[in-house]
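# Secondary and tertiary structure notes
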Amino acid sequence: MADPQTISDDSSEEAEEDEEEARRIREGFIVDEDEDEEEDDDETRHRRRKRRKRRHRRRDEEEALEDDDLELLEENTGTSFRNRLTRLRRGPEGGSPPVPSTSKRKPIVESSEDDLDDEDLPQVQDIQRIWDDDRAGGGRDDEEDMDDFIDYEDEDEGAGAMDEQEREERRRERKKRERERRRAIGSRPELAGIDDMAWDEIHGVFGDGHDYDWALLGDDEMDFEEERLKPEMRYQDVFEPSEIRARMLTEDDDLIRAQDIPERMQLATSSLSQSSTLSLHQNLTEADLDDAAMWVTVRLSPRKTRDFFSPEGPYNMYREPLVMAVTYALRFLFVQEFEVPYIWTHKRDYISYFNPQEMRTRVQLISLAELWRIYALGQKYRSLAQRKNALALSYARLNVEDEYFEQTIRPKIDSVEVVTDATEWLTMTYKLKKQDAFDFQFHDDEEHADTRKRKAPSRISAYEVAKKSIVSKLADGFGIKPHEVVYNFVAQENVHFVDDQELNPIAFAEQFTDPDAAVAQPAEELLRRARMILATELGKDPLLRQAMRDLFKTDALISVLPTERGMAKIDEHHPYFNFKYLHHKSITQMMDTPQFLHILAAEAELLVTVSTFLTNEAKVEVRAYSDTARAWNEERSRVVQEALEQHLIPVGIKWAREWLREEVEDTLAAHCGNVLRERIDVAPYITPEMKPGDTASVLAVSWGKGDPQKDAITLVFLDEAGRLREHVKIDNLVDRDYQDEFTDLLKRRRPDVIVVGGLSMATTKLSSKVRSLVNGEPVISDPTTTGADGWGSEAPKEANEQAFNIPVMYVRDEVARMYQHSKRAAEEFSALSPVAKYCVGLARYIQSPLNEYSALGHDIIAIPLEDEDQHLIPKEKLLSALERTLVDVTNKVGVDINRAVNDSYYQHLLPFVCGLGPRKAQVLVKKISAMGGNLINRDQFIKSSLLTTKIFLNAAGFLRISRDPEAKLSKNRHADDDVQDPLDDTRIHPEDYELARKMATDALELDEEDIHDEHPSHVVSVIMQDVDNERKLNELNLDEFAVSMYEANEDRKRHTLNVIREELLKPFSEQRAPFPSLGPWDVLTMLSGETPRTLRMGLIVSIMVVRLEQTLVNIRLDSGIEGVIDIGYLTEDGNIAPKDVVKKGQTIPGVIVDVKLDLPADQFFVKVSVRQSDLRAGDGLFRSVKRDDQWNLPQFERDLEMQARKKRAEIDRTRRVVKHPNFHNFNATQAENYLDKQQRGDVVIRPSSKGVDHLAVTWKVDDKLYQHIDVTEINTGQGGNLLIVDEKHQYADLDELIVNHVQATARKVEELMAHEKFKHGSEDELHLFLKNFVAANPAKSIYGFTLNRRKPGHFNLCFLANKNSTVQTWPVRVMPESYCLFDAAVAGVPELCDAFKVR
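This one's a predicted model, so the numbers in the text were calculated from it and none came from an experiment. (Residues numbered from 1 in each chain as written. Predicted model: local features only at pLDDT ≥ 70, side-chain atom pairs only at ≥ 80, totals over all residues. Heavy atoms only, no water.)

### Points about the overall build of the protein
Along the protein, the regular secondary structure elements total 54 helices and 27 strands. A total of 1399 residues make up the protein; the buried ones form 46% of that total. Put simply, of all contacts in the protein between residues at least 6 apart along the chain, 65% involve residues at least 24 apart. (Helix = DSSP H or I, 4+ residues; strand = E, 2+ residues; numbered from the N terminus. Buried < 20%, exposed > 50% of the residue type's maximum accessible area, 1.4 Å probe, protein only. Contact = heavy atoms within 4.5 Å.)

Rendered as structure tokens:
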């Protein structure tokens, strides 16, 4: 394409270009548009792209007139166009239609002679009118159009860079602007007198105002098209990914909401987790259930296995029903996808012993905890089944038939570990056959979109090298193959026997030596490699590995020894002291205690080393394969020993540690779940006058931290619905005005219960005053007296004439403490103070412990359930255990769906309903809110598409719809769409409604004809309201009813019938235990943090004297607990006045003599002794940690003796005193810390660890760099000592040593550090500097000095000869009088540089 600057004015050149272009187009030469785009600037490329899109939208293609068209025009008009015209411009819309194009490619418009022949040619006058514009415009327009028709080359600079379509586009735009200009002239009279020449001049200077239209807005059609093609805005484009995950708006969350599978079953982790992920598992099928049931049953628990499967077990006769019950449970869980609460509540007959002939025999085969265990084991089996299928496919791809694998290994694959071992074994055995046969994935592996094969690692194991060599034939001569050894082991007898060689092993191996003496290996080396082959194949065998794991599971022993750091850190009071010298403790004894988790924690802190091993007896079982010939027998024994030591035992040790850790974590997590169950599986507090199911109104009172100068008393009242009705602050409960305000609040609100809580022991005083006011007892009118404390003088009291029958109590406050600072509290009660929010938390807790714990969400793991061990449980595992407890108790209680929709606080229970979760609960609430926020019956869940089928089946029985007591059932049986059903307010599942109606009909002794025209549940309402309903329902023979149902449909409904009867009598009756009251120690721990372990008799604690009395001293512990010292415990004499022994405000140690706890009286205090005889004995005996029974006493005593010797040596060292201002009794670390802030060259003289005849001198070389000099003292025998340093320098005294050795050396160091060739920083930084310099100056070499950080007081001389060489480093030693480069000593730095250059 021609350069724009070289375009000629001669139109003939353009014609030549046209001919050339036409020829190229006819030949099919198509120019790629992308090439042009690369050449143009950004603006041109942008405008061309917009034009191209516009051309694609046009229905009618424009056709350019080529040379053939011009010839045709000349023939018909008699006028020549070639010398004047470059292009024909398309005429207006009113002109003749363009010739249609036959080109299939839109960007290039092409015409041919055939096209012209096929069309009827227009008349001459039509051709002449093709340039006419709008005829209404008049003559001037015609002239302008004719002018525009002829397009000269000089009109468009740079036109050579355009193709024909672009030129046509530009001409059309220019003509459009010209028309608009003329119209503007016509509409504005003041411009009418401007002639064309003047207008052209104006236009040339100022433009027409449209030069930059392209930069503003495109044409409307293009804008609309761009808007239409623009991708739709998504919330992923607006919000941060973390915010999207927090709001559960990811694609995985949408998928979880949409799938008809219970939410918790779709997650790989707990739904409470902040990083819960979608599980991509494949469910079990009916064909998998039998194998899965046996696999799960034997792993339920050792106790279950012993009771049901051992011949002498008490439940041996129920072994088959147990397996059947597990099968049913697995079917419900993994095929039909029902959650545990649904099975436990509505399908319990299938997991219990059910025999129509023995209906009176009730045996619970599976407990609720075991049902959860079945769910966990089923998930593991599901993963195992998927891996087994993947292994089978990989084996099939090998196209081999391995009898040992198919008949021996495959039937015994019963764990993921065996699958892994089998995969590794197949890889090893058939690696040479097919390298890539094992590239399979599991569901939880990341998908790899890139299927290109990558280069395999070039490293080849010694086994592969030996297997490919002649040594493999030597290994075959050992007389028995590895898999035959395994056969013998599995059969526990010698199925395969050894074929001994006639030659001894050495002679036999010599037959396989290489004839070439240069590469030949001795026979012993060949035997070693042959043993390695056999040992590797034995060690990789899946069955032997599994046998080793089984041995470790039952016979492994664990020992612990402290590291050097652990010896010093783990003393008798350290928690790890219990297992510091654990010795040969059986792995089975560690299953039920958290000790092993503490051992792993100590190992992670580098305090102990843990060893796991088998007993010798266990090893003998594996090694019992030897036969006749002694020499060969020895070789085979070595093979087995090597297989054990190199492969089997390491595998067993690694697995045993992980297995034991998993088991202990599961046990501890389950224990935490049980503790949580004890706290939430309790009913809300009710007074004796209230009925079960009622909610108490609560007044919560707190003094905060109990500081009279800072903290006011906060009172918060919550009504029965949990709404905040009143919030009051008062300064104290001593002044009469405040007492009246408090009693006035009690009169107005009449709370059912008063809850007291706080953050310090001062809360006990508040509780005591509240009780006094409530009970109408005399109260203390003077806050400065302490008569109510029980050990001070009595204060004047005033009578309180009114009393209230309101209980005052403490409750657990760990949830309230978290709530007061939570985001949830800030959103709900932003105007309240933290103490007021704390009171709200207390009141809510007593109204519903379950609701308060459920509202915590992920923060529930912060609740201390197991003080000392909870932190050892992984968070995800702990969350799963706690979530299961919340799910159990929530479904046991049920959730009122209408209340949940309208009450955001109560709504926190909804995610724990069976089948739901945070995401499904969220969308359910939104759907119900869109319907008006109220459901009338359970049928609406399905009819209004609120829940999918499986979710409805799971959740329906636990979502209650409370009845309006005034509502009446319709008489019409079919008008039940918007009618309440009394069964919707029961735990009865909708699939059992007909059973309930049948039971109600039979109990009322009615016939179907009697209730034909009534609502189906009318009989249910009647029986519920019947005053004699209990007798009538109890008279039903439910056993017979259950048998008849089983015989008719094989439905097992015996337990379900019991549930229906109970629900007809008491719908959603309270099944939880009554609200528990706290014990004295619970309250004391809550207020002070003290426990029975930290506050027991014999412990020495720090106490502060508060007040002195005549016969006693009032004291206070650091935790805030108050106490007394009787005069008899002050001194040995026992009759000295307290003021003569102690002073007020004094802090002294004391021994706890007694702990007095009186919760009803709010009295918590200790008795303390400060007698020297009691303190002298110490409390080490009480504070020391108990040793484990399996204790390595000999090793413990040896280490004690060694530490005692070290301590004595340290004492001996530190006893030495040298009279010198620079002498300090420091060790090396202390000396360095002392010199850290000193100047360079400063000195510390200290004792030496080498004995009394040595001294150590430490001086500061540089920041964080110190040189330690060993100085030997020699007695000269003339009353003086000689100080010798490195046998070359001798000094008479320490001052001479400091001046002539240390300071002289320091001056040499300073001199070299001041040289231009010295570089500060590390040696690596100097290397980088040298490389950069040589890279910039390739013709030069360079060197430099830096401090040797490994040898303080020395330097490194680093140099780089050229860019192709490596950096060399030479040592420079600094002496007091010289520098030493290797052995050459020089006086100064210049001489040192010269010495380097010479070398």
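Following the structure, the description resumes.
### Some words on the environment of Leu850
As for its placement among the helices and strands, Leu850 is situated in helix H36 (residues 849-854). Separated by 173 residues in sequence, Leu850 and Arg677 have C-alpha atoms that sit 9.3 Å apart. Ignoring sequence-local partners within four residues, the contact set of Leu850 consists of Ile680, Leu886, Val889, Thr890, Val893, Leu909 and Arg1072.

### Notes on the environment of Ala855
Along the chain, Ala855 falls in the loop between H36 and helix H37 (875-893). Judged by its relative accessible area of 9%, Ala855 falls in the buried class. A C-alpha to C-alpha distance of 9.5 Å links Ala855 and Tyr819, two positions 36 residues apart in sequence. Sequence-distant contacts of Ala855, defined by excluding residues within four places in its chain, comprise Arg824, Tyr905 and His908.

### Focus on the sheet that holds strand S26 (residues 1379-1381)
Reading across the sheet, the five strands line up as S23-S24-S25-S26-S27 and stay open at both edges, with antiparallel pairing between neighbours. In this open sheet, the two edge strands, each paired with only one partner strand, are strand S23 (1342-1347) and strand S27 (1384-1386). Across the sheet, the mean angle separating the axes of adjacent strands is 30° when strand polarity is ignored. Examined bridge by bridge, strand S25 (residues 1368-1374) and S26 share three bridges and lie antiparallel to one another. (Pairing = 2+ DSSP bridges. Axes fitted to C-alpha atoms, helices over the stretch in contact; angles between N-to-C directions.)

### Details of unusual backbone geometry
With the exception of glycine, most residues fall at negative phi, and the peptide bonds are largely trans. Its identity as a non-glycine residue notwithstanding, Arg750 has a phi of 45°, on the positive side. The phi torsion at Asp1162 lies on the positive side, around 55°, for a residue other than glycine. Looking at the secondary structure, you find Asp1162 in the loop between strand S16 (1147-1158) and strand S17 (1163-1169).

### Overview of the sheet that holds strand S2 (residues 585-586)
With respect to topology, three strands assemble into an open sheet ordered S2-S1-S3, the strand pairing being antiparallel. Two strands bound the open sheet, and with one partner strand each, they are S2 and strand S3 (608-613). Contacts between helix H28 (residues 595-604) and the sheet are confined to strand S1 (557-562), S2 and S3, with S3 contributing the most and set at about 125° to the helix.

### Some points on helix H42 (residues 993-1003)
The element H42 is extensively covered by neighbouring structure, given that eight of its 11 residues are classed as buried. Those residues of H42 that fall on the buried side of the exposure criterion are Tyr993, Leu995, Ala996, Arg997, Met999, Ala1000, Thr1001 and Ala1003. The elements touched by buried residues of H42 are helix H43 (1018-1025), helix H44 (1029-1034), helix H45 (1038-1049) and helix H46 (1054-1065).

### Overview of the packing of helix H20 (residues 416-429) against helix H26 (residues 542-555)
Put simply, H20 and H26 touch, their axes get as near as 9 Å, and they point 150° apart. Here H26 runs roughly antiparallel to H20, going by the angle between their axes. Judged by the twist between their axes, the crossing of H20 over H26 is right-handed. Contacts from Glu417, Val418, Asp421, Ala422, Glu424 and Trp425 in H20 reach Pro542, Arg545, Gln546 and Arg549 in H26. (Parallel < 35°, antiparallel > 145°, perpendicular 65-115°, else oblique. Left-handed = near helix turned anticlockwise from the far one by under 90°.)

### Digging into H46
The end-to-end C-alpha distance of H46 is 17 Å, a good match for the 16 Å that 12 residues give at a rise of 1.5 Å each. Burial within H46 is extensive, with 10 of its 12 residues counted as buried. Listed in full, the buried residues belonging to H46 are Arg1054, His1055, Thr1056, Leu1057, Asn1058, Val1059, Ile1060, Arg1061, Glu1063 and Leu1064. (Expected span 1.5 Å × (residues − 1).)

### Overview of the packing of aromatic side chains
One pass over the full model with this rule turns up 34 aromatic pairs. Taking 5.5 Å as the distance between ring centres and 55° as the angle between the ring planes, the aromatic pair formed by Trp295 and Tyr381 counts as tilted. Of this pair, Trp295 sits in helix H14 (residues 289-297) while Tyr381 is found in helix H18 (residues 368-398), placing the two residues 86 residues apart along the sequence. An identical accessibility class is assigned to Trp295 and Tyr381; each is buried. Aromatic side chains Tyr318 and Tyr353 sit 4.9 Å apart centroid to centroid with 65° between the ring planes, which places their arrangement in the edge-to-face category. Remark: Tyr353 occurs in the loop between helix H17 (340-346) and H18 and Tyr318 occurs in the loop between helix H15 (302-309) and helix H16 (319-335); sequence separation between them is 35 residues. Between Arg844 and the ring centre of Tyr905, over which it is positioned, the NZ or CZ distance is 3.9 Å. One cation-aromatic arrangement involves Lys1319 over Phe1329; the distance from NZ or CZ to the ring centre is 4.4 Å. (Phe/Tyr/Trp six-rings, centres within 6.5 Å; stacked < 30°, edge-to-face > 60°. Lys NZ or Arg CZ within 6 Å of the ring centre and 35° of its normal.)

### Details of a negative patch on the surface
The grouping of Asp731, Asp735, Asp737 and Glu741 at the surface amounts to a negative patch. With respect to the element layout, Asp735 can be found in the loop between strand S6 (724-730) and helix H31 (736-749). (Patch = residues over 30% accessible without salt bridge, like charges linked within 9 Å, V, L, I, M, F, W, Y side chains within 5 Å. Areas by Shrake-Rupley, 256 points an atom, 1.4 Å probe, with all protein chains shown as cover. Salt bridge = Lys/Arg side-chain N within 4 Å of Asp/Glu carboxyl O. Lys, Arg positive; Asp, Glu negative; His and termini not counted. Charge placed at Lys NZ, Arg CZ, Asp CG, Glu CD.)

### Some details on a nonpolar patch on the surface
Residues Ile202, Val205 and Phe206 make up a contiguous nonpolar surface patch of roughly 330 Å² in combined accessible area. Its location among the elements puts Ile202 in helix H9 (residues 196-206). The class of Ile202 is partly exposed, set by a relative accessible area of 34%.

### Section: the environment of Val1334
For Val1334, the position within the fold is in helix H53 (residues 1323-1336). Considering only alpha carbons, one finds Val1334 and Asn1364, 30 residues apart in sequence, at a separation of 9.5 Å. Excluding residues that lie within four positions of it along the chain, Val1334 makes contacts with Lys1340, Ile1342, Leu1360, Asn1362 and Lys1363.

### Some points on the pairing of S17
Side-chain positions along a regular strand alternate between the two faces of the sheet. Of all seven residues that make up S17, six are buried, and the element is covered over most of its length. Two elements, strand S15 (residues 1122-1126) and S17, share three bridges in a ladder whose sense is parallel. Bridging across to S17, Glu1122 finds its partner in Phe1165. As paired strands, S16 and S17 are joined by seven bridges and run antiparallel to one another. Its bridge partner lying in S17, Lys1156 is registered against Phe1165. Linking S16 back to S17 in an antiparallel pair, the connection comprises four residues, with Asp1162 at a positive phi of about 55°.

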